[in-house]
Amino acid sequence: QYKFQSGDFPGAILDYQQIINRYPRSEWRDLAEYRIALVHLRSVPRPNLDQSELRKAREALTSYIAAHPEGAFLEEARAALGECLEELAEGELIIGNFYRTIGKKWAAAQRYKAVLTGFGGTRAAEQAQLLLPLVEGAPLPESSPALGGS
């Protein structure tokens, strides 16, 4: 717990994984699995730059919820999953906004559509719904692989 609270996220994951491996039937396993997911979520400095930890958090939280339908941390895990999805969606939206700002409407439309299809119900999805008409229908870039370009 100290490593988690002090921000030593790699060390915390190792400690929690040791609990799971050494004591697979322990009452602490539930907490360790939940905390591993939480470590991935809390270790993300800027979700629009690198979403790999957020993806790990989503996977770990989804697994926790499926494996522990009566888990002691079920409600916390659901809330953390919602936060994780919001951050993943926000990262996609930020990238879409960047593309829109530099005039790459087709790329922006692809990001906004990804937010809508992958993260419905999030604040970012609401924003993407409003922004998509501004860039929708933009032609494919001429160098697009879909058109045989490089």
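About the thresholds
- Residues numbered from 1 in each chain as written.
- Predicted model: local features only at pLDDT ≥ 70, side-chain atom pairs only at ≥ 80, totals over all residues.
- Heavy atoms only, no water.
- Helix = DSSP H or I, 4+ residues; strand = E, 2+ residues; numbered from the N terminus.
- Expected span 1.5 Å × (residues − 1).
- Contact = heavy atoms within 4.5 Å.
- Axes fitted to C-alpha atoms, helices over the stretch in contact; angles between N-to-C directions.
- Parallel < 35°, antiparallel > 145°, perpendicular 65-115°, else oblique.
- Left-handed = near helix turned anticlockwise from the far one by under 90°.
- Nonpolar A, V, L, I, M, F, W, Y, C, P; charged D, E, K, R; others polar.
- Core = buried A, V, L, I, M, F, W, Y, C linked by side-chain atoms within 4.5 Å.
- Buried < 20%, exposed > 50% of the residue type's maximum accessible area, 1.4 Å probe, protein only.
- Lys, Arg positive; Asp, Glu negative; His and termini not counted.
- Salt bridge = Lys/Arg side-chain N within 4 Å of Asp/Glu carboxyl O.
- Polar contact = N/O pair within 3.5 Å; in protein donor to acceptor, adjacent residues only side chain to side chain.

A.B. asks: Explain helix α6 (residues 105-118) to me, and be specific about the residues and the numbers.
C.D. replies: Taking 1.5 Å of rise per residue, the 14 residues of α6 would be expected to cover 20 Å, and the 20 Å separating its terminal C-alpha atoms lies within 8% of that figure. Considering only its buried residues, α6 is in contact with α5 (74-101) and α7 (123-135).

A.B. asks: Give a description of the packing of α5 against α6 that names residues and reports values.
C.D. replies: It is the contact of α5 with α6, at a shortest axis distance of 7 Å, that shows an interaxial angle of 165°. Regarding the angle of α5 to α6, the classification is roughly antiparallel. For the pair α5 and α6, the crossing hand works out as left-handed. For the pair α5 and α6, the contacting residues are Ala 89, Glu 92, Leu 93, Ile 95, Gly 96, Asn 97, Tyr 99 and Arg 100 in the first and Lys 105, Ala 107, Ala 108, Arg 111, Tyr 112, Ala 114 and Val 115 in the second. Tallied by class, the residues present in the contact of α5 with α6 amount to nine nonpolar, two polar and four charged.

A.B. asks: An account of the nonpolar core is needed here, citing residue identities and associated values.
C.D. replies: With 37 residues, the main nonpolar core has Tyr 16, Leu 41, Leu 61, Cys 84 and Tyr 112 as its most contacted residues. Every element with two or more residues in this core is listed here: α2 (9-22), α3 (29-42), α4 (52-67), α5, α6 and α7. The dominant element in this core, judged by the number of residues it contributes, is α5, at eight residues. Excluding anything up to four places from it in sequence, Leu 61 contacts Ala 37, Ala 77, Ala 80, Leu 81 and Cys 84.

A.B. asks: I'd like a description of the side chain of Asp 30, backed by residues and values.
C.D. replies: Looking at where Asp 30 falls in the secondary structure, it is placed in helix α3. At 8.1 Å, Arg 29 is the nearest oppositely charged side chain to Asp 30, a buried residue that forms no salt bridge. Here the side chain of Asp 30 touches Tyr 64 through a polar contact of 2.4 Å, side chain to side chain. With residues near it in sequence (within four places) discarded, Asp 30 still touches Tyr 64, His 68, Gly 71, Ala 72 and Phe 73.

A.B. asks: If you had to explain α5 to someone new, which residues and values would you point to?
C.D. replies: Here α5 contains 28 residues, and its C-alpha end-to-end distance of 40 Å stays within 8% of the 40 Å for a straight helix at 1.5 Å per residue. Those residues of α5 that sit buried are Leu 74, Ala 77, Ala 80, Leu 81, Cys 84, Glu 86, Leu 88, Ala 89, Gly 91, Glu 92, Leu 93 and Gly 96. Against the buried residues of α5 lie α3, α4, α6 and α7.

A.B. asks: Lay out the pattern of salt bridges in plain terms, naming residues and giving numbers.
C.D. replies: Within this structure, the stated rule accounts for seven salt bridges. Where Lys 3 meets Asp 15, a salt bridge forms, and the shortest distance between an N and an O atom there is 3.3 Å. Of the two residues, Lys 3 is situated in helix α1 (residues 2-6) and Asp 15 in helix α2; the sequence distance between them amounts to 12 residues. Its relative accessible area of 29% is what places Asp 15 among the partly exposed residues. Between Glu 92 and Arg 111 there is a salt bridge, with the nearest N and O atoms lying 2.8 Å from each other. Of the two residues, Glu 92 is situated in helix α5 and Arg 111 in helix α6; the sequence distance between them amounts to 19 residues. Residue classification places Glu 92 among the buried residues on the basis of a relative accessible area of 13%.

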